[in-house]
Amino acid sequence: MDLSESLHDFILVFLGSGLILGSLGVVFFTNTIFSAFSLGLVLVCVSLFYILSNSHFVAASQLLIYVGAINVLIIFAVMFMNGSEYDQNFRVWTVGDGITLMVCTSIFISQINTILDTSWHGIIWTTRPNQILEQDLISTSQQIGIHLSTDFFLPFELISIILLVALIGAIFVARQ
Amino acid sequence: MIFEHALVLSAFLFSIGIYGLITSRNMVRALMCLELILNAVNINLVTFSDFFDRRQLKGNIFSIFVIAVAAAEAAIGPAIVSSIYRNRKSTRINQSNLLNK
């Protein structure tokens with residue numbers, strides 16, 4: 001979006017802090033229902049982040065599908081299954097947790113090194129000049145619709161079949 | 001600049017998702033951490049599509065496909081977990097030995 005620079009930075013810091021605290025809450029809350037609501041906070045922050053990076057259609061579908069369907073389904077599963085169990089589910093710090101923390105921290109540090117070492121500005125300035133034309137003619141939602149009905153038509157149909165089969169299978173597994 | 005910040009945020013989300021996926025003892029929490037990993041992948045796709053591919057927006061289409069597959073996974077996962085819970089009265093990962101009859 002075309003905001004001013006300081007407002008843009010402020011919104012980015014706000015969303016980033018919400019995302020980091022929410023994801024830490026998903027992993028480290030002892031009660032599972034708290035971590036399910038914290039997952040909802042993370043998903044809303046990711047959706048606002050998509051709006052900030054000009055992808056309104058993906059933001060709307062993220063808000064509808066993730067927050068409206070997946071998070072509600074997860075909260076339902078937590079409430080359905082977590083009646084008497086979460087009090088004995090306290091966390092003890094074992095050796096495996098320490099090893100996993102070390103491995104994940106090393107993955108994170110190596111990813112940050114790779115991101116900061118790559119010269120993204122050169123790639124941006126080589127691909128920028130052919131992006132200007134036909135920018136304002138059609139909106140991004142129309143562009144996504146055109147691509148879904150021409151180039152990506154077969155994956156679109158296949159994803160609908162996958163979704164149908166998965167939902168029927170979920171009903172069949174959960175029904176008995 | 002927003003680009004490196006978005007990539008660092010998605011790297012953090014990916015790492016904390018993998019940490020939670022490995023160390024969690026509850027199956028529902030493992031599913032939540034899986035959603036975190038998929039969201040990290042989606043942030044990467046949307047950011048690269050916004051910065052490098054503004055004409056064709058193929059990253060947005062791939063992220064929509066990822067969201068659809070995540071919806072299918074989130075329908076299947078709690079169904080299997082509730083089936084295990086109904087048989088075992090427990091959703092702990094290290095106690096799910098349904099196959100050793």
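No experiment lies behind these values; they were computed from the predicted model shown.

### A short note on the overall build of chain B
Here is step 1: Summing up its helical and strand segments, chain B has 3 helices and 0 strands in all.
Here is step 2: In chain B, the order of α-helices and β-strands from amino to carboxyl end is α-α-α.
Here is step 3: For 101 residues, the compact-globule estimate of 2.2 N^0.38 gives 13 Å, and chain B exceeds it by more than 25% at 17 Å.
Here is step 4: Here the C-alpha coordinates of chain B stretch approximately 55 × 25 × 15 Å along the principal axes.
Here is step 5: Across the 101 residues of chain B, 61% fall into the buried class.
Here is step 6: Split by element, the accessible area of chain B, about 3,800 Å² in all, is 64% carbon and sulfur.
Here is step 7: Charge-centre separation for chain B: the mean point of 10 positive side chains lies 19 Å from the mean point of 5 negative side chains.

### Comments concerning the domain arrangement of chain A
Here is step 1: One can read the domain layout of chain A as domain 1 (1-83), domain 2 (93-127) and domain 3 (136-175).
Here is step 2: Distance from the C-alpha centre of domain 1 of chain A to the C-alpha centre of domain 3 of chain A: 23 Å.

### Things to note about the packing of aromatic side chains
Working definition: an aromatic ring pair is given by the centre-to-centre distance plus the angle between the planes.
Here is step 1: Per the stated rule, a full pass over the model turns up 10 aromatic pairs over all chains.
Here is step 2: Ring centres of Phe28 of chain A and Tyr19 of chain B lie 5.8 Å apart, and the angle between their planes is 40°; on these two criteria the pair is classed as tilted. Separated into two different chains, Phe28 of chain A in helix α1 (residues 5-28) and Tyr19 of chain B in helix α1 (residues 2-23) make up a pair that spans both.
Here is step 3: Where Phe108 of chain A meets Phe12 of chain B, the ring centres are 5.7 Å apart and the plane angle is 65°; that geometry is what we call edge-to-face. With one member in each of two chains, Phe108 of chain A in helix α4 (residues 95-117) and Phe12 of chain B in helix α1 form a pair that bridges those chains.
Here is step 4: Judged by its relative accessible area of 17%, Phe12 of chain B is buried.
Here is step 5: Chaining the aromatic ring pairs together yields one cluster made of Phe3, Phe48, Phe51 and Phe52 of chain B.

### Some remarks on unusual backbone geometry
All names here are of chain A.
Here is step 1: With a phi angle near 65°, Asn54 is a residue other than glycine that sits in the positive phi range.
Here is step 2: The topology assignment puts Asn54 in the loop between α2 (32-52) and α3 (56-81).
Here is step 3: Its relative accessible area of 29% is what places Asn54 among the partly exposed residues.

### Observations concerning the packing of helix α2 (residues 27-52) of chain B against helix α3 (residues 58-88) of chain B
Residues and elements named next belong to chain B.
Here is step 1: For the pair α2 and α3, the least separation of the axes is 9 Å and the interaxial angle reads 175°. Considering the angle they form, α2 stands roughly antiparallel to α3.
Here is step 2: Considered class by class, the residues forming the contact of α2 with α3 number 15 nonpolar, 6 polar and 3 charged.

### Thoughts on the nonpolar core
Here is step 1: Counting 62 residues, the largest nonpolar core has Phe49, Tyr50 and Ile74 of chain A together with Met32 of chain B as the members making the most contacts within it.
Here is step 2: Top contributing element to this core by residue count: α2 of chain B, with 11 residues.
Here is step 3: Apart from the residues within four sequence positions on either side, Phe49 of chain A is in contact with Leu12 and Leu15 of chain A together with Ala6, Leu9, Ile43 and Thr47 of chain B.

### So, the interface of chain B and chain A
Here is step 1: Listed per partner, the contact involves 70 residues of chain B and 84 residues of chain A.
Here is step 2: Between chain B and chain A, roughly 7,000 Å² of surface is buried when both sides are summed, and carbon and sulfur atoms account for 72% of that area.
Here is step 3: In terms of surface lost to chain A, no three residues of chain B exceed Tyr19, Arg29 and Arg55 of chain B, which account for 11% of the buried area on that side.
Here is step 4: Summed over the shared surface of chain B and chain A, the result is 0 salt bridges.
Here is step 5: Linking chain B with chain A are 8 residue pairs in polar contact (both at pLDDT 80 or more).
Here is step 6: At the level of secondary structure, the elements contributing two or more residues to the side of chain B that touches chain A comprise α1, α2 and α3 of chain B.
Here is step 7: Examining the composition of the side of chain B that touches chain A, we find that 24 residues originate from one element, α3 of chain B, more than from any other.
Here is step 8: In terms of residue class, the side of chain B that touches chain A is built from 44 nonpolar, 15 polar and 11 charged.

### Regarding helix α7 (residues 153-175) of chain A
Here is step 1: Taking 1.5 Å as the rise per residue, α7 of chain A with 23 residues should run 33 Å; its terminal C-alpha atoms sit 33 Å apart, in good agreement.
Here is step 2: Listed in full, the buried residues belonging to α7 of chain A are Ile159, Ala166 and Ala170 of chain A.
Here is step 3: Packed against the buried residues of α7 of chain A are α3 of chain B.

### Quick notes on the UniProt feature "transmembrane region" in chain A
Residue and element names in this part refer to chain A.
Here is step 1: When the UniProt feature table is mapped onto this chain numbering, "transmembrane region" sits at residues 10-30, 32-52, 63-83, 92-112 and 152-172.
Here is step 2: Within the segment residues 32-52, helix and strand shares are 100% and 0% respectively, and the terminal C-alpha atoms sit 30 Å apart.
Here is step 3: Along residues 152-172 one finds 95% helix and 0% strand; the C-alpha atoms at either end are 30 Å apart.

### Some details on a nonpolar patch on the surface
Here is step 1: On the surface, Leu154, Leu158, Ile161 and Val165 of chain A cluster together to form a nonpolar patch covering roughly 390 Å² of accessible area.
Here is step 2: Among the secondary structure elements, Ile161 of chain A is positioned in helix α7.

### Quick word on the confidence of the model for chain B
Here is step 1: In the predicted model, chain B carries a mean pLDDT of 87, and 94% of its residues have values of at least 70.
Here is step 2: Across the assembled chains, the prediction reports ipTM 0.90 with pTM 0.88.

### Overview of the environment of Ile18 of chain B
Here is step 1: Following the sequence through the fold, Ile18 of chain B ends up in helix α1.
Here is step 2: Separated by 15 residues in the primary sequence, Ile18 of chain B and Cys33 of chain B place their C-alpha atoms 7.1 Å from one another.

Conventions adopted
- Residues numbered from 1 in each chain as written.
- Chains lettered and ligands numbered in written order.
- Predicted model: local features only at pLDDT ≥ 70, side-chain atom pairs only at ≥ 80, totals over all residues.
- Heavy atoms only, no water.
- Helix = DSSP H or I, 4+ residues; strand = E, 2+ residues; numbered from the N terminus.
- Rg over C-alpha atoms; globule rule 2.2 N^0.38 Å.
- Buried < 20%, exposed > 50% of the residue type's maximum accessible area, 1.4 Å probe, protein only.
- Areas by Shrake-Rupley, 256 points an atom, 1.4 Å probe, with all protein chains shown as cover.
- Lys, Arg positive; Asp, Glu negative; His and termini not counted.
- Charge placed at Lys NZ, Arg CZ, Asp CG, Glu CD.
- Domains from an automatic or database assignment.
- Phe/Tyr/Trp six-rings, centres within 6.5 Å; stacked < 30°, edge-to-face > 60°.
- Axes fitted to C-alpha atoms, helices over the stretch in contact; angles between N-to-C directions.
- Parallel < 35°, antiparallel > 145°, perpendicular 65-115°, else oblique.
- Nonpolar A, V, L, I, M, F, W, Y, C, P; charged D, E, K, R; others polar.
- Core = buried A, V, L, I, M, F, W, Y, C linked by side-chain atoms within 4.5 Å.
- Contact = heavy atoms within 4.5 Å.
- Buried area = accessible area lost by both parts, 1.4 Å probe.
- Salt bridge = Lys/Arg side-chain N within 4 Å of Asp/Glu carboxyl O.
- Polar contact = N/O pair within 3.5 Å; in protein donor to acceptor, adjacent residues only side chain to side chain.
- Expected span 1.5 Å × (residues − 1).
- UniProt positions renumbered as here; feature names shortened; annotations may be inferred.
- Patch = residues over 30% accessible without salt bridge, like charges linked within 9 Å, V, L, I, M, F, W, Y side chains within 5 Å.
- pLDDT = per-residue confidence, 0-100.

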